[in-house]
Amino acid sequence: MRIARFSIDGNVAFGVVEGDVEEAKAGTADGGPVLDIIKGHPFAEFERSGQKVPLSKVRLLPPVLPNKVVAFGRNYAEHATELGNAVPDAPFAFFKPSTSVIGPGDPIAYPSFSEEVHHEAELAVVIGRMCREVPRERVKDVILGYTCANDITARDVQKREKQWARAKGFDTSCPLGPWVETELDPSDLGIMCTVNGEQRQLGRTGEMIHSIEDLIVNITEAMTLLPGDVVLTGTPAGVGPIGVGDEVAVTIEGIGTLTNKVIKRG
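For clarity, every value in this text was computed on a predicted model and none was experimentally measured. (Residues numbered from 1 in each chain as written. Predicted model: local features only at pLDDT ≥ 70, side-chain atom pairs only at ≥ 80, totals over all residues. Heavy atoms only, no water.)

Colleague: Help me understand the pairing of strand E3 (residues 34-39) in this model?
Modeller: A regular strand places its side chains so that they alternate between the two faces of the sheet. Here strand E2 (residues 11-18) runs beside E3; their pairing, made up of 4 bridges, is antiparallel. By the bridge assignment, glycine 15 is partnered in E3 with isoleucine 37. Relative to strand E4 (residues 47-54), E3 runs antiparallel, the two sharing 5 bridges. Bridging from a neighbouring strand, isoleucine 38 pairs with arginine 48 of E4. (Pairing = 2+ DSSP bridges. Helix = DSSP H or I, 4+ residues; strand = E, 2+ residues; numbered from the N terminus.)

Right under this line is the structure:
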């Protein structure tokens, strides 16, 4: 099930995506995909209202509004190597604030304090229930689903500052979307990033050093995760610079494509 968060006529709601989005893009679908508006929110039992709106008529928003985004770095060996870093023995976490989150189609504002901003395509885990000290065998029970993410990074700032707060946490540095896929085996999915249609990153989630279970167990040993919180699982090799005017797209097998354009920060 694909659950999207969207706005229409000034109202914000969640809905279940029905229909084939890819066929619609190719012009081969009859009628096009629609959103069946749900009653309430997706973090508890919900009902479909039966009130449907065309996907083409709404603005997709970030699929969730996280209290916090917990991100894990250097979780793909080739990516760690390409930046000259050692592969960590244990999961290596940092944070992106809620104010960094944007949705599909929203602009990435190039930060004024950086001259080298990179894309980082990632699989994002969306938490479905409040949890802490989660045992490995219960990790699946606390996950609502998965979405695409782009861990936009001011690489020059990351290199010169010991803390990554500014390099990783600036406004618009965490695109998420286009929706949450709830029925997915995340163990070996293709993940790709393109810039202006040119492939930059291509990997598989099966290349992760630390599994999703490892990451959730690790972070919930220290803190409580809340419904809607997001865990970023690391990026494969191939990260590189983006500039004003570039269109960046993250595609993950079984989920879809998250596209954002880079603009000058106003």
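Colleague: When you look at the environment of isoleucine 3 in this model, what are you seeing that I'm missing?
Modeller: Position of isoleucine 3 among the secondary structure elements: in strand E1 (residues 2-8). With 63 residues separating them in the primary sequence, isoleucine 3 and proline 66 have C-alpha atoms 15 Å apart. Ignoring sequence-local partners within four residues, the contact set of isoleucine 3 consists of Phe14, Gly15, Pro42, Phe46, Trp179, Val180 and Thr182. (Contact = heavy atoms within 4.5 Å.)

Colleague: It is not clear to me how the pairing of strand E11 (residues 121-127) should be interpreted in this structure. Could you clarify?
Modeller: Among the 7 residues in E11, 7 count as buried, and that is most of the element. Residues Ala121, Leu123, Val125 and Ile127 point to one face of E11 and Glu122, Ala124 and Val126 to the other, with burial holding for every one of them. Direction of pairing for E11 relative to strand E12 (residues 143-150): antiparallel, over a ladder of 7 bridges. Bridged to valine 126 within E12 is glycine 145. Both E11 and strand E17 (residues 230-232) contribute to a ladder of 3 bridges, which runs antiparallel. What sits directly across from alanine 124, in E17, is leucine 232. (Buried < 20%, exposed > 50% of the residue type's maximum accessible area, 1.4 Å probe, protein only.)

Colleague: Can you walk me through the nonpolar core in this structure?
Modeller: In globular proteins that are soluble, nonpolar side chains generally tend to be buried together. Core analysis: the largest hydrophobic core is formed by 53 residues, its most contacted members being Leu35, Leu123, Trp179, Ile216 and Ile252. With 5 residues, helix H5 (residues 212-220) is the single largest residue contributor to this core. Leaving out residues up to four positions away in the same chain, isoleucine 252 has contacts with Glu122, Leu123, Thr147, Cys148, Leu189, Gly190 and Ile191. One finds Ala71, Ala124, Trp164 and Val230 within the second-largest nonpolar core, a separate group that totals 15 residues. (Core = buried A, V, L, I, M, F, W, Y, C linked by side-chain atoms within 4.5 Å.)

Colleague: Just checking my understanding: could you explain the sheet that holds strand E13 (residues 153-154) for this structure?
Modeller: Backbone hydrogen bonds are what pair the strands of a sheet, in a parallel or an antiparallel way. Within the open sheet, the 3 strands sit side by side as E13-E10-E18. Their pairing is antiparallel. This sheet does not close on itself; its edge strands, each paired only once, are E13 and strand E18 (240-242). Two strands pair when backbone bridges link them, and strand E10 (residues 117-119) and E13 are joined in this way by 2 bridges, in the antiparallel orientation. Along E13, the bridge assignment pairs histidine 118 with threonine 153.

Colleague: How do you make sense of the side chain of threonine 153 when you look at a structure like this?
Modeller: Along the chain, the position of threonine 153 falls in strand E13. Classification of threonine 153 as buried rests on a relative accessible area of 0%. A distance of 3.5 Å separates a polar atom in the side chain of threonine 153 from a polar atom in the side chain of glutamate 120. In this view, threonine 153 contacts Glu116, Val117, His118, Glu120, Gln158, Ala167, Lys168 and Phe170; residues no more than four positions away in its chain are not counted. (Polar contact = N/O pair within 3.5 Å; in protein donor to acceptor, adjacent residues only side chain to side chain.)

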